[in-house]
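# Architecture at a glance
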Amino acid sequence: SDMVLMDDNFASVLRATVWGRTVTDNIMKFLQFQLTVNLSGVLLTVIGAAVSESNTEPLNPVQLLWLNLIMDTLAALALATEKPTEDCLNRPPVSRDSPLITNRMWRFIIGHATFQLLIMLPLLQYGHLWFDLPACGP
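Residue positions are given per chain, counting from 1 as you read along its sequence in written order. Local features are withheld for residues below a pLDDT of 70 in this predicted model, meaning they are given only at 70 or higher, and side-chain atom pairs are given and counted only at 80 or more; totals for whole chains, interfaces and linings count all residues. Side-chain descriptors were evaluated using all non-hydrogen atoms of the structure, hydrogens and water having been removed beforehand.

Right, let's talk about helix H3 (residues 103-130) for a bit. For H3, with 28 residues, the first-to-last C-alpha span of 38 Å sits near the 40 Å given by 1.5 Å per residue. Its maximal kink placed at Leu124, H3 deviates by approximately 55°. Looking only at H3, the buried set comprises Met105, Ile109, Ala113, Leu117, Leu121 and Gly127. We call two residues in contact whenever any of their non-hydrogen atoms come within 4.5 Å of each other. Strands here mean DSSP runs of E at least two residues long; helices mean DSSP runs of H or I at least four residues long; both are numbered from the N terminus. Elements in contact with the buried residues of H3: helix H1 (10-51). Residue Asp132 follows H3 closely and has a positive phi angle near 50°. One fewer than the residue count of a helix, multiplied by 1.5 Å, yields its expected span. For a residue, the bend is simply the angle between two axes, fitted respectively to the seven-residue segment ending there and the seven-residue segment starting there. Three labels apply to residues, based on accessible area from a 1.4 Å probe with only protein chains included: buried if under 20% of the type maximum, exposed if over 50%, partly exposed otherwise in between.

To continue, consider the packing of aromatic side chains. Any pair of aromatic rings gets described here by the distance separating the centres and the angle formed by the planes. Any Phe, Tyr or Trp ring, taking Trp's six-membered ring, that has another such ring centre within 6.5 Å forms a pair; planes under 30 degrees apart are called stacked, those over 60 apart edge-to-face, and the others tilted. With the rule as written, the count across this model stands at one aromatic pair. With a centroid separation of 6.1 Å and 35° between ring planes, the pair formed by Tyr126 and Trp130 is classed as tilted. In this pair, Tyr126 and Trp130 are both assigned in helix H3, four residues apart and thus about one turn of the helix distant.

Right, let's talk about the environment of Thr81 for a bit. Mapped onto the elements of the fold, Thr81 is located in the loop between helix H2 (61-80) and H3. Separated by 45 residues in sequence, Thr81 and Tyr126 have C-alpha atoms that sit 39 Å apart.

All right, on to a nonpolar patch on the surface then. Like charges within 9 Å and nonpolar side chains (Val, Leu, Ile, Met, Phe, Trp, Tyr) within 5 Å are joined into patches, using only residues over 30% in relative accessible area that form no salt bridge. We get accessible surface area from the Shrake-Rupley algorithm with a probe of 1.4 Å; when it comes to residues, only the shown protein chains can shield them. One speaks of a salt bridge when a side-chain nitrogen belonging to Lys or Arg is within 4 Å of a carboxyl oxygen belonging to Asp or Glu. Together, Leu39, Val42, Leu43, Val46, Ile47, Val51, Trp106 and Ile110 make up an exposed nonpolar region whose accessible area comes to about 630 Å². Of all the secondary structure elements, the ones that give two or more residues to the nonpolar patch are H1 and H3. Looking at the nonpolar patch, the element that brings in the most residues is H1, giving six residues. Along the chain, Ile110 falls in helix H3. Note on Ile110: relative accessible area 47%, which makes it partly exposed.

Once that is clear, we can look at the pattern of salt bridges. Scanning the entire structure with this criterion turns up three salt bridges. Taking the shortest distance from any N to any O, the salt bridge between Arg15 and Glu86 comes out at 2.9 Å. Pair noted here: Arg15 is in helix H1 and Glu86 is in the loop between H2 and H3, with a separation of 71 residues, a long-range link. You can call Arg15 partly exposed: its relative accessible area is 35%. Between Lys29 and Glu82 there is a salt bridge, and its shortest N-O distance comes to 2.9 Å. Taken as a pair, Lys29 in helix H1 and Glu82 in the loop between H2 and H3 lie far apart in primary sequence, 53 residues in all. Classification of Glu82 by relative accessible area gives partly exposed; the value is 31%.

By the element assignment, Ala78 lies in helix H2. With relative accessibility at 46%, the residue Ala78 sits in the partly exposed group. For the pair Ala78 and Ala135, spaced 57 residues apart in the sequence, the C-alpha separation amounts to 37 Å.

Each cavity reported here is a set of points on a 1 Å grid over the protein atoms alone in which a 1.4 Å probe fits but cannot get out, each pocket an open set with protein on both sides within 12 Å along at least five of seven lines, and each lining residue one with an atom within 4 Å of a point. Grid points are joined across faces, edges and corners, and a volume is the space filled by probe spheres set on the points. Its boundaries defined by the atoms lining it, the second largest pocket holds a volume of some 180 Å³. What lines the second largest pocket is Asp25, Met28, Lys29, Gln32, Thr102, Arg104, Met105 and Phe108. For the lining of the second largest pocket, the secondary structure elements donating two or more residues are H1 and H3. Broken down by element, the lining of the second largest pocket gets its largest block of residues, four residues, from H1. For the lining of the second largest pocket, the per-class residue count stands at three nonpolar, two polar and three charged. Charged means Asp, Glu, Lys or Arg here, nonpolar means Ala, Val, Leu, Ile, Met, Phe, Trp, Tyr, Cys or Pro, and polar covers whatever is left, Gly included.

Given below as structure tokens:
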């Protein structure tokens, strides 16, 4: 069986269902956040190096690893402290065959990564002019 009851209380089954759905939701939120951050970071590095006059990447591999480490830690802490609520029982259960990253999540990931790039790329190219900073690079 998939679940073993330690007592004859139906509330135990209900509580286990709430916790299981909350864990699944948190995993999906974590993946969505991480994929958004990583997609925008990698695209910024690739596009930034391609349009750079000096052909240098804006984020080197060590900076990408630090970005990943910090974002992993903060996202994990935020989602690990999220309390389960009974609201998750109002929706139907998720099928075992359903994808972990849904089409709606992919649209969110691509949309937010695009938004982040639309903010970061102009800052990367023209930020030194807008903020009266010395230009970086050789």
